[in-house]
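# Observations on the three-dimensional arrangement
Each chain, written out:
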Amino acid sequence: MKLSIIIPTYNEEQYLPKLLKSIKSQDFTDHEVIVADAGSKDGTREIAESYGCNVVEGGLPAVGRNNGVKISRGEYLLFLDSDVVLTDGYLESALEEFKDNDLGIAITQIIPLSDRKIDKILHNFANFFMKSVESIKPHGAGCYGILTKKSLHNKIDGFDETLDFGEDSDYIERIGKLGSFKVLRKPRLLVSTRRLEKEGIKDLAFKYTKSTLYDFLGKKISAEDLNYNFGHSQDKKRILYAVCGEGMGHAIRSSVIIKYLLEKNEVIIFASGRAHKYLSERYNNVYSIYGFNTVYKENSVNNTQTFLKAMRNLPRDLKDNLELLYKVAEEFKPNIIISDFEFYSNLLSKLMRIPLISIDNMHIITQCRIEVPEKYSRDRLKAVGVIRSFIIRPRRYLITTFFYPEVKNKDKAALFPPILREEILSLKPKIGDYVLVYQTSDSNKRLINLLKSVDEKFVVYGYKTENVEENLCFRKFNENQFFKDLKSCKAVITNGGFTLIGESLYLKKPVLSIPVRGQFEQILNALYLKKLGYGEFEEELTTENLEKFLEKLNIYRESLKSYKYQGNQEILEELDRSIENYSKI
C-alpha cells in the first residue's frame, strides 16, 4: 500500500461526502482512507463506511490522526481536514513532487470554495505567506493537507496528544528536523470557508496571527487561549440563543442568562439591531440578523409606517436570516433553541424540529389572566396577535414580571422576577436631587419643553446629545454613567419599558410611566405600576400631573418597601431543568 489518507471527523455529514467523492475520482488508486471519528451524532460514520473507509475512534485531531496511523498500511501518510476537496490529479502530483524533492514532510496550497473576491485574496495571501517562510520555519495546518512518511511519524511518536491547538504545526516542525519541508507548488486543495463565515475575517485573522506568532516564537498556545473548540464537548448542551433587537431590554436580560449558560454549555447567539451590538461586545459567536423595528412618531407607534417598513424588508430578511440560521445550525447542531422574542429562530425551530424555550416578559399577555380597562382592548388584541405569531408553541414559557397575575397553564408557563445584571444588583441606592428621564425614542420633542416648565433638575437620556439646557442635563448613553445616575436619582420618568421599571423598583425608585401609545405591553406595565402603588401611569404628561407625581414621592417609597426582589437564581435553575427536559438528543 502506497498511501494512507487519514481524516479526523466530528459531525461532518455535510462536508465529508464531497471529500470522499473527490478521493474516489482520483486516477491514483493505491491508497486507503481512514476516518477517525470523535463520536459523531449525525450520519458521519455511516457515510464513511458507505465509501469503504476504515473507521476508528477519534477525539481531538491529534488523537484521531494517531489512531488512524496505528491501523494504516501505507508507506506515506496524508492528513486531511474533513471539509476540503481534492482537485483533479491531486494525489498523483503531490506524491510525485514529494518524492522528486526528497522531502520529509509537505503541505499544499489552498483555493477557497467560494466566489467571493475577499476570500480569494485572503487565501492567496495565505499561500504566499506559507511559501515565504518555508525555509525559515516548517509550519502549516491540517486544512493544507499534511503529507509525510510513516517511518518519520513513528520516529517522533506521532502528534502530541497533550496539545489541544497547534498540534499540526508542532508535528510539522518536529518532522522538519528529520527531513526537508516544502509547500508543494503543483497540487491544490479546495477548502471550505465555513470558519471564515462563522467567525468573521477580523476574529479569524486575530486567532491565526496570534497562533502563528506564538509558533514562530517557540511558544505553545491552547484552544482556550484562542476560544477555539474542535467539534463539541459531548458533556455540554449546544444552545442556539436568539435575541430581539427592539429596545435594549431583551439584550440586557439575555446577557445575564448567556453568561450563566456559558459556564456549562456551548452557546451561539443571533441578535438584531442594538442587541447585536451590545452582545457582540461581550461574547464571541454572535451573529447579526435582521429584525423588526417599530416606527415612532412623538410618543406613539406609527402602525402604518411600521407595517410598510416590515413588509418592504420581509423578503430580504426572511431569505437572509433563515439561510444564515439554517447554515450555522446545520453545523452547530443545537440541542435546543432559546428565544427572547426573536421571530426567525422560532421559524428555525419548526423547520429543523429543534425544541424551543421562550424567555421574555411579553408572554404575560397571552399566558396569564389579566384584567385591563375596556379602552385598551383593541391594543391588547393587536398585541396578542403579534406575540402569538412571533413565538409559536414553545415547549416552555419562562416569563419575567414585577406583578403576578394567575397563570393559565402552570405546566406550560411560569412567572419569575425581573432578571437583573450584576451592576444593578451591586448598587447601593441613595436619594439625590434630580429625576432621571429615559426615552426609547428621540422623537418626543414636546417632553423637553414640558420638563423645562417644572422647577426640578432632570438628567435626560435618549436624545443623543450631551449638553445642559436650563434645568435639563442631557446625556448620551454610557452604561457606567447611567448606573451612577440611576443609583442616585430621586425618581424615574420613562415609557413603559420592562427592564428599566424592574431595575428602578429593585432600587426603590418611584416611577412615572408614560407608555408609548399603542404599545400594550408598556400600558400593562404602567397599569400595574400604579395599581401596586409604586408610581403613576399617565397617558399624556402635563405640568400638573408631573408636579403631582413629584409631590407624592414619599408615598410611593413607602409602597416600594413591600417590593421584595428574589434574585435571578430561581429562573436560572428552572432554565437548567427546562434545557435538560426538552433538549433534542
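See the structure shown above.
This is a predicted model, so every value here is computed, not measured.

Tracing the backbone through its elements, the reader meets D340 in strand 14 (residues 336–340). Among the polar contacts made by the side chain of D340, one reaches the side chain of R253 at a distance of 2.8 Å. Setting aside chain neighbours within four positions, we find D340 in contact with A242, V243, C244, H250, R253, S254, I359 and D360.

Let's shift gears to the sheet that holds strand 17 (residues 396–400). Sheet architecture is open: seven strands sit in the order 11-10-9-14-15-17-19, paired in parallel fashion. Of all the strands in the sheet, the pair left with one neighbour each is strand 11 (286–288) and strand 19 (413–416). Adjacent strand axes in the sheet meet at a mean angle of 20°, parallel and antiparallel pairs treated alike. Bridge count for strand 15 (residues 356–360) against strand 17 is four bridges, and the pairing is parallel. Each bridged residue has a counterpart across the sheet, and for S358 the counterpart in strand 17 is Y397. Across the sheet, helix 12 (residues 343–352) lies against strand 9 (237–243), strand 14 and strand 15, angled at about 155° from strand 14, the strand it touches most.

Time to look at the pairing of strand 10 (residues 265–271). Within strand 10, seven of the seven residues are buried, which leaves the element mostly enclosed by the surrounding structure. In this structure, strand 9 lies alongside strand 10, joined through seven bridges in parallel fashion. Across the sheet, the residue bridging to K237 is N265, located in strand 10. In this region the chain leaves strand 9, passes through helix 9 (residues 249–261) and returns to the parallel neighbour strand 10; the handedness of that crossover is right-handed. The pairing of strand 10 with strand 11 spans three bridges and is classified as parallel. The residue bridging F270 from the neighbouring strand is Y287, located in strand 11. Handedness of the crossover joining strand 10 and strand 11 through helix 10 (residues 273–280): right-handed.

Basis of the calculations
- The numbers attached to residues start from 1 for each chain and follow its sequence in the written order.
- In view of the model being predicted, local features appear only for residues whose pLDDT reaches at least 70, and side-chain atom pairs are presented and counted only at 80 or more, with totals across whole chains, interfaces and linings using the full set of residues.
- Hydrogens and water molecules were not included; the side-chain quantities draw on all heavy atoms of the structure.
- Runs of E in the DSSP output that reach at least two residues are strands. Runs of H or I that reach at least four are helices, and both are numbered from the N terminus.
- Any pair of N or O atoms that falls within 3.5 Å is considered a polar contact. Within protein, one atom must be able to donate a hydrogen and the other to accept it, and sequence-neighbouring residues count only if both atoms are side-chain atoms.
- Throughout, a contact is declared for two residues whenever any of their heavy atoms are within 4.5 Å.
- Strands pair, by our definition, only if DSSP identifies at least two bridges between them.
- Helix axes are fitted only over the stretch in contact, all axes being lines through C-alpha atoms; the angle between N-to-C directions runs from 0 to 180 degrees.
- For every residue, the accessible area obtained with a 1.4 Å probe (protein chains only) is divided by the maximum for its type, and the residue is called buried under 20%, exposed over 50%, and partly exposed between those limits.
- Handedness of a crossover is defined as follows: orient the strands so they point away from the viewer, and if the path from the first strand over the helix to the second runs clockwise, the crossover is right-handed.

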